[in-house]
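One-letter residues, chain by chain:
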Amino acid sequence: KPTDEDFVEWTKNVDKNVLHLLCTTFDPSQPIRSITPVGLSRLSIGVQEDASPSPSPSEDPSGPSDIVKTLFMQEFSISESVMARKWRGLRFAWTKYLACKKTLHAAKNLVDSGSWPVSLPHYSEHLIVELFIGKTTWYANYAPLFDKVNENHPEMAEWLELIDASQEDDKRVWGFLKQAYSFLELSDWIKCREKEKQQEKEERERKEKEKEKKRDGRDKISSRRQRPF
């Protein structure tokens, strides 16, 4: 018997009847891998229609559906804890970043090798990112800042991985103490460190040029002394 969630309609189409079914339920006894990640499916007997597109990830603050999340968790051994959307501090954000980068790398390898699982939606970087965090936040904060930390600032990476950092650790890395650090402080810290490194590079280059000038001067003096009178 149809429920309020089900939709059944007979329509007359020229010389044939067409039955439209809108199905919103599934057999809970089926294995989860056999369930399509699309929330709604439409079947028309005699007429083929595409399913209505699901809302884009940007329209859903919680990200992909629980079914899709579960499929990815099983395939890539992702911990459910790193998918939590609530802000828990910079260290937790770093953990989410590492998990997302690892998943993206593994997923890309499967795509390149032609072995992407048929049980998963088509590969999309945005889809994988949204398993962990909203893509706007990812591309505005996580990726640009943590990529720089990962590539150029090992001292900050070590601090982010500390379980219990002391005030001495905070002072040594950040240069100042604060109860909680955010992306704003991290952005400022990276800018300062990059400026310091640029100044250090320029100072090294200046000293190297001075050494070259001194060597050139000594060579000229030595050359004059060796000339016959």
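These numbers were taken from a predicted model, which means no experiment stands behind them.

Here is what the cut-offs are and how they apply
- Per chain, the residues get numbers from 1 upward, laid out in the order the sequence is written.
- Selection of residues for local features in this predicted model requires a pLDDT of at least 70, selection of side-chain atom pairs for listing and counting requires 80 or more, and totals for whole chains, interfaces and linings are taken over all residues.
- Just so you know, side-chain values use all the structure's heavy atoms and leave hydrogens and water out.
- The numbering of helices and of strands both runs from the N terminus, where a helix is a DSSP run of H or I of at least 4 residues and a strand a run of E of at least 2.
- We call two residues in contact whenever any of their non-hydrogen atoms come within 4.5 Å of each other.
- The patches reported here contain residues having more than 30% relative accessible area and no salt bridge. Joining distances are 9 Å for like charges and 5 Å for nonpolar side chains (Val, Leu, Ile, Met, Phe, Trp, Tyr).
- Calculation of accessible area relied on Shrake-Rupley with a 1.4 Å probe; when residues are assessed, cover is drawn exclusively from the protein chains displayed.
- When a carboxyl oxygen of Asp or Glu lies within 4 Å of a side-chain nitrogen of Lys or Arg, that pair is called a salt bridge.
- Charge counting treats Lys and Arg as positive and Asp and Glu as negative, with His and both chain ends excluded.
- A charged residue contributes its charge at one atom only: NZ of Lys, CZ of Arg, CG of Asp or CD of Glu.
- Inter-axis angles, ranging from 0 to 180 degrees, are taken between N-to-C directions of lines fitted to C-alpha atoms, where helices are fitted over the stretch in contact.
- In this scheme, roughly parallel covers angles under 35 degrees and roughly antiparallel covers those over 145, while 65 to 115 is roughly perpendicular and the rest are oblique.
- Under the scheme applied, nonpolar residues are Ala, Val, Leu, Ile, Met, Phe, Trp, Tyr, Cys and Pro; charged residues are Asp, Glu, Lys and Arg; polar residues are all the others, including Gly.
- In this scheme Phe, Tyr and Trp rings, the latter by its six-membered ring, pair at centre separations within 6.5 Å, and the angle between planes marks the pair as stacked below 30 degrees, edge-to-face above 60, and tilted otherwise.
- Relative accessibility decides the category of a residue: with a 1.4 Å probe and only protein chains considered, values under 20% of the type maximum give buried, values over 50% give exposed, and everything between is partly exposed.
- Note: pLDDT gives the predictor's confidence per residue, expressed from 0 to 100.

1. Some details on the side chain of R193
Piece 1. Turning to its location among the elements, R193 is positioned in helix α7 (residues 183-225).
Piece 2. Once residues lying within four places of it in the same chain are set aside, the contact partners of R193 are H153 and E155.

2. Section: a positive patch on the surface
Piece 1. A grouping of K207, K211, K214 and R218 is seen on the molecular surface, where their side chains present a positively charged patch.
Piece 2. Residue position: K207 is located in helix α7.

3. Quick look at the packing of helix α2 (residues 90-112) against helix α4 (residues 135-152)
Piece 1. Between α2 and α4, the shortest axis-to-axis distance is 10 Å and the interhelical angle comes to 90°. The orientation of α2 relative to α4 falls into the category roughly perpendicular. Along the contact surface, α2 presents L90, A93, W94, K96, Y97, C100, K101 and L104, while α4 presents W138, Y142, F146, D147, V149 and N150.
Piece 2. Broken down by class, the residue content of the contact of α2 with α4 amounts to ten nonpolar, one polar and three charged.

4. Examining the packing of aromatic side chains
Piece 1. Applying the stated criterion across every chain, the model contains 19 aromatic pairs.
Piece 2. Centre to centre, the rings of W94 and Y97 are 5.4 Å apart; their planes meet at 25°, and the pair counts as stacked. A residue pair is termed a helical-turn pair when its members lie 3 or 4 positions apart in one helix, as W94 and Y97 do in helix α2 at three residues. In terms of burial, W94 and Y97 fall into one category: buried.
Piece 3. Taken together through their ring pairs, the aromatic side chains of W87, W94, Y97, W138, Y142, F146 and F183 make up a single cluster.

5. Considerations on the confidence of the model for the protein chain
Piece 1. With 68% of its residues at a pLDDT of 70 or more, the protein chain shows a mean pLDDT of 78.
Piece 2. With pLDDT under 50 throughout, residues 1-11 is counted as low confidence; its partners more than four residues away or in other chains account for 22 contacts.

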